[in-house]
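# Analysis of the macromolecular model
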Amino acid sequence: FEFEEGESTTFTSRDYELEGLSVWSLSPHWSAGLSASASGSTRLNQSRALRGGPAVEYNYFPYSESTRRQITFLYRMEVVSFDYEEITLFEKTSETRLTHKLEIGSAFNQPWGELDLSLEASNYLDNFDQHRIEFFSRFEIRLFRGLSLDIMGSAARVKDQIYQPLEDIPLEDILLRRRELGTDYEYSLELGFNFTFGSVFNNVVNPRMSSGGGRRYRH
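My aim in this report is to walk through the structure given alongside it, one point at a time. Residue numbers restart at each chain and count upward from 1, following the sequence in its written direction. This being a predicted model, a pLDDT of at least 70 is required before a residue's local features are given, and a value of 80 or more before pairs of side-chain atoms are given or counted; all residues contribute to the totals for chains, interfaces and linings. The basis for the side-chain values is all heavy atoms of the structure; hydrogens and waters are excluded.

### Some points on the overall build of the protein chain
Along its length, the protein chain carries 1 helix and 9 strands. The helix and strand labels rest on DSSP assignments: H or I over at least four residues marks a helix, E over at least two residues marks a strand, and numbering proceeds from the N terminus. Starting at the N terminus, the α and β elements of the protein chain follow one another as β-β-β-β-β-β-β-β-α-β. Projected onto the principal axes, the alpha-carbon positions of the protein chain cover approximately 60 × 45 × 25 Å. Where accessible areas are quoted, they stem from the Shrake-Rupley method and a 1.4 Å probe; at the residue level, only the protein chains shown are allowed to cover. For the protein chain, the computed accessible surface area is about 13,600 Å², with 58% contributed by carbon and sulfur atoms. By the counting rule applied here, Lys and Arg register as positive and Asp and Glu as negative, while His and the ends of each chain are not counted. For charged residues, the charge sits on one atom: NZ in Lys, CZ in Arg, CG in Asp, CD in Glu. Distance between charge centroids for the protein chain: 10 Å, based on 23 positive and 33 negative side chains.

Structural data, given as structure tokens:
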């Protein structure tokens, strides 16, 4: 930014993520997997965040029907290691924790459109007060061939912001959204149109551990 007095100031925001998932098909209803990721975010006060661990998923319907319907229950446990850019509210510059998450997701594809719902709950195993609960929904209405109306919404109870910096966040970082502010709740609503063209066949190959509820649309 250049100011009238001739001074200039530069603000930098960094965000990256690399993730991998390996899934074993145990039966028409059960899957097991291992996941790992590495990320960093100026907004989350994390210079580095490493995650990894096992997961198991159960689908009420056979996976062969996932192009039309699915109701999944996914349980994941991870070891997480954080290196922070600034000292946190808990006076940490780095830490390693154990966390787990339960995700209940559903997806239904019908001639009139699609309906996706999910409920996720997670917490750190050494402190159940540090948790997060989130509900996500998506409703797609097919208006005519290829064109759909999308309505997405989510609401979350947030108690797991262990990365919040100890020092007050400067006003310029708030205005530029370089730091995430502390909050107890988050909610969102999105409306849009989606146009699809190409093959009439569904291109889903293996939806295990990746396509239940809101996981298709956000991380």
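### Examining the nonpolar core
We define a nonpolar core as any set of buried Ala, Val, Leu, Ile, Met, Phe, Trp, Tyr and Cys residues linked to one another through side-chain atoms lying within 4.5 Å. The classification of residues rests on relative accessible area computed with a 1.4 Å probe and restricted to protein chains. Under 20% of the type maximum is buried, over 50% is exposed, and intermediate values are partly exposed. Counting residues in each nonpolar core, the largest one holds 7 residues, listed as Ala49, Val80, Phe82, Tyr84, Tyr124, Ile162 and Tyr163. Whether two residues are in contact is decided by their heavy atoms: any pair within 4.5 Å suffices. Beyond its immediate chain neighbours, meaning those up to four positions away, tyrosine 84 contacts Asn45, Gln46, Ser47, Lys92, Thr93, Ser94, Glu95, Ile162 and Tyr163.

### Overview of the packing of aromatic side chains
Paired rings are identified among Phe, Tyr and Trp, the last through its six-membered ring, by centres lying within 6.5 Å, and are further divided according to the angle between planes into stacked (under 30 degrees), edge-to-face (over 60) and tilted (the rest). Scanning all chains against the criterion turns up 6 aromatic pairs. For the ring pair phenylalanine 1 and phenylalanine 11, a centre distance of 5.9 Å and an interplane angle of 65° mean the geometry is edge-to-face. One end of the pair, phenylalanine 1, is in the segment before strand S1 (15-25); the other, phenylalanine 11, is in the segment before S1, with 10 residues separating them in the sequence. For phenylalanine 11, a relative accessible area of 29% corresponds to the partly exposed category. When the ring of tryptophan 30 is compared with that of tyrosine 58, the centres are 4.9 Å apart and the planes differ by 50°; the resulting orientation is tilted. Linking tryptophan 30 in strand S2 (residues 30-41) with tyrosine 58 in strand S3 (residues 46-59), this pair joins segments that are 28 residues apart in sequence. A relative accessible area of 41% places tryptophan 30 in the partly exposed class. The class of tyrosine 58 is partly exposed, set by a relative accessible area of 25%. Counting every residue linked through ring pairs, the aromatic cluster contains Trp30, Tyr58 and Phe73. Across from the ring centre of tyrosine 124, 4.4 Å away, lies the NZ or CZ of arginine 97, which sits over that ring. We call a charge positioned over a ring when the NZ of a Lys or the CZ of an Arg lies within 6 Å of the ring centre and within 35 degrees of the ring normal.

### Things to note about the environment of lysine 101
Note that lysine 101 resides in strand S5 (residues 94-110). Looking at lysine 101, the relative accessible area reads 27%, which means it is partly exposed. Not counting residues up to four positions away in its chain, the partners in contact with lysine 101 are Leu74, Tyr75, Arg76, Glu120, Ala121 and Ser122.

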